[in-house]
Amino acid sequence: VDFGGWEMPIAYPSGTLAEHLACRSSCALFDVSHLGTVTVSGADAFDRLQGVLSNDLAKIGPGRAQYTHLLDDADASVLDDIIVWWHPEVEGREPRFDVMPNASNTERVLAAVGGEDVTTSRAVIAVQGPAWTDVVATGEPALADIKRFRVGEGDVGGVRCTVAGTGYTGEDGVECAVPADEAPAFWQAVLDAGVEPAGLGARDTLRLEAALPLHGHELGPGITSLQARLGWVVAWHKGDFRGRAALEAERETGPARLLYGVATAGRRPPRAEQAVLLDGAEAGVITSGNFSPELGHGIALAFLPPGLDPGTELGIDVRGSIEPARIVATPFIPKR
């Protein structure tokens, strides 16, 4: 299917369910090359990113990665949620950051932070799941030594790549930025190790079980970091950044809505845009919903009024019939 201008597989021959369960129990392989890469380098790179993005790069350092937001200056909407890879220090090389936007937002992020769009020069291949270290424990430095939210560079199977301990599944693993012309060989080598390839379907059910936001659903126009319960990516102590004033105003008044986890008893999956009822009246809307392969019932994320507790009974309007549901804690599947 078309996904942000990229041709992406929904599933491989084994199917979404098998791919999902492989990632949870052993390991799965994802082509996530649709993610953008904007390289920002130079002596002023750190200050440029600090003045634009919401999080504080001073909390990390070279060889680390950080989750952050690019906010709209007018209303603090999340224009994009981003992972920044801060490359390890190399003698004689200026500081270098890879800013990783979502598929359709690369030009917007490039305009905001400057730098160079290198998206088409590389592929990004994710190896995710509890057995990931057994599959990629080779190379120099060994991929298995790349811990969560660490960044390294090295030769893996003869291919020079940048590797980060990041992902979008709720499992440990790595994302590998590989030169585009060498990506097929890298991909095949991981397949040959017995890893299950996985498509967009499994990627979505995995991230939903982990309650990870998807831009255009839980983040986007009219949605702020505070409404999405992601205030921890906002570094209030660091000085000015895009959208700070508008977000501070919302912090003073309190968000009018918050993101909640919702579960149904049956296998019928909730879907985005379905109305959520509280005491019989419409109170909000589903942003993402699906069947949870791990739990065996429907799960969803929804924006609802503040102050609701886990266990609160709800209804979901599924094409005119009301499906019973309740608020539950997130993530739906605790990180193991």
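Residues numbered from 1 in each chain as written. Predicted model: local features only at pLDDT ≥ 70, side-chain atom pairs only at ≥ 80, totals over all residues. Heavy atoms only, no water.

Undergrad: Any chance you could explain the pairing of strand β10 (residues 151–156) here in plain terms?
TA: On any regular strand, side chains alternate: one points to one face of the sheet, the next to the other face. For β10, the tally of buried residues reaches 5 of 6 residues, placing the bulk of the element in the interior. Here β10 runs beside strand β11 (residues 159–164); their pairing, made up of 6 bridges, is antiparallel. Counterpart to G154 in the pairing with β11 is C161. (Buried < 20%, exposed > 50% of the residue type's maximum accessible area, 1.4 Å probe, protein only. Helix = DSSP H or I, 4+ residues; strand = E, 2+ residues; numbered from the N terminus. Pairing = 2+ DSSP bridges.)

Undergrad: Which parts of the structure should I look at to understand helix α5 (residues 183–192)?
TA: Count 3.6 residues to each turn of an α-helix, and residues three or four apart come out pointing the same way. Within the sequence span of α5, burial applies to A183, F186, W187 and V190. Within α5, the buried residues cover an arc of 100° as seen down the axis, which keeps them to one side. For α5, the exposed residues lying more than 90 degrees away from the buried face are P184, A185 and D192. Just past α5, the residue G194 takes up positive phi, approximately 95°. (Arc of directions from axis to C-beta.)

Undergrad: Got a minute to help me understand the packing of aromatic side chains in this structure?
TA: Each aromatic ring pair is summarised here by two numbers: the centre-to-centre distance and the angle between the ring planes. The tally for this structure, following the rule as stated, stands at 5 aromatic pairs. With 6.3 Å between their ring centres and 35° between their planes, Y12 and W187 make a pair best called tilted. Linking Y12 in the loop between β2 (6–7) and α1 (16–25) with W187 in helix α5, this pair joins segments that are 175 residues apart in sequence. Accessibility expressed as a relative area gives 16% for W187, which makes it buried. Consider the rings of Y67 and W232, whose centres lie 5.7 Å apart with planes at 35°: the pair is tilted. With Y67 in strand β5 (residues 64–71) and W232 in the loop between α6 (200–209) and α7 (244–253), this residue pair connects regions lying 165 residues apart in the sequence. Taken together, the aromatic side chains of F46, W86 and F97 make up a single cluster linked through ring pairs. In this arrangement the basic side chain of R251 is found over the ring face of W236, its NZ or CZ atom lying 3.9 Å from the centre. Note that R257 overlies the ring of F303, its terminal NZ or CZ placed 4.4 Å from the centroid. (Phe/Tyr/Trp six-rings, centres within 6.5 Å; stacked < 30°, edge-to-face > 60°. Lys NZ or Arg CZ within 6 Å of the ring centre and 35° of its normal.)

Undergrad: For this particular structure, what's the right way to read the sheet that holds strand β9 (residues 122–128)?
TA: Neighbouring strands of a sheet are bound in pairs by backbone hydrogen bonds; such pairs are parallel or else antiparallel. The strand order across the open sheet formed by 6 strands is β10-β11-β12-β9-β3-β13, and the pairing between neighbours is mixed. On the outer flanks of this sheet lie β10 and β13 (196–197), each paired with one strand and no other. Note that β9 and strand β12 (residues 173–179) share 7 bridges and pair antiparallel. Residue V127 lies in a different strand from β12, and its bridge partner there is V174.

Undergrad: How do you make sense of the packing of α1 against α6 when you look at a structure like this?
TA: For any two helices packed against each other, the geometry comes down to the angle between their axes and how far apart the axes lie. Where α1 contacts α6, the axes come no closer than 8 Å and their chain directions differ by 50°. With respect to their mutual orientation, α1 and α6 come out oblique. In the crossing of α1 with α6, the sense of the turn from one axis to the other is right-handed. On the side of α1, the interface is formed by T16, E19, H20, C23 and R24, while α6 contributes G201, A202, T205, L206 and E209. (Axes fitted to C-alpha atoms, helices over the stretch in contact; angles between N-to-C directions. Parallel < 35°, antiparallel > 145°, perpendicular 65-115°, else oblique. Left-handed = near helix turned anticlockwise from the far one by under 90°. Contact = heavy atoms within 4.5 Å.)

Undergrad: Looking at this model, I keep getting lost on the nonpolar core. Mind explaining?
TA: Where a protein is soluble and globular, its nonpolar side chains tend to be buried together. One finds F30, W85 and L247 to be the most contacted residues of the largest nonpolar core, which totals 31 residues. Elements with a contribution of two residues or more to this core: β3 (28–31), β5, β6 (78–86), β9, α6 and α7. Not counting the four nearest positions on each side in its chain, F30 is found in contact with C23, V124, I125, A126, Q128, T169, W187, A198, G199, R203 and L206. Counting 20 residues, the second-largest nonpolar core is a separate cluster that includes W132, V178, F186 and V195. (Core = buried A, V, L, I, M, F, W, Y, C linked by side-chain atoms within 4.5 Å.)

Undergrad: What's the story with unusual backbone geometry in this structure? I'm lost.
TA: For residues besides glycine, phi is generally negative; the peptide bonds are generally trans as well. With an omega of 0°, the peptide bond between T330 and P331 qualifies as cis. Along the chain, P331 turns up in the segment after β19 (321–328). You will see that F149, though not glycine, has its phi angle at about 60°, which is positive. Along the chain, the position of F149 falls in the loop between α4 (132–135) and β10. In this structure F149 comes out as partly exposed when scored by relative accessible area, which is 23%. You will see that E273, though not glycine, has its phi angle at about 80°, which is positive.

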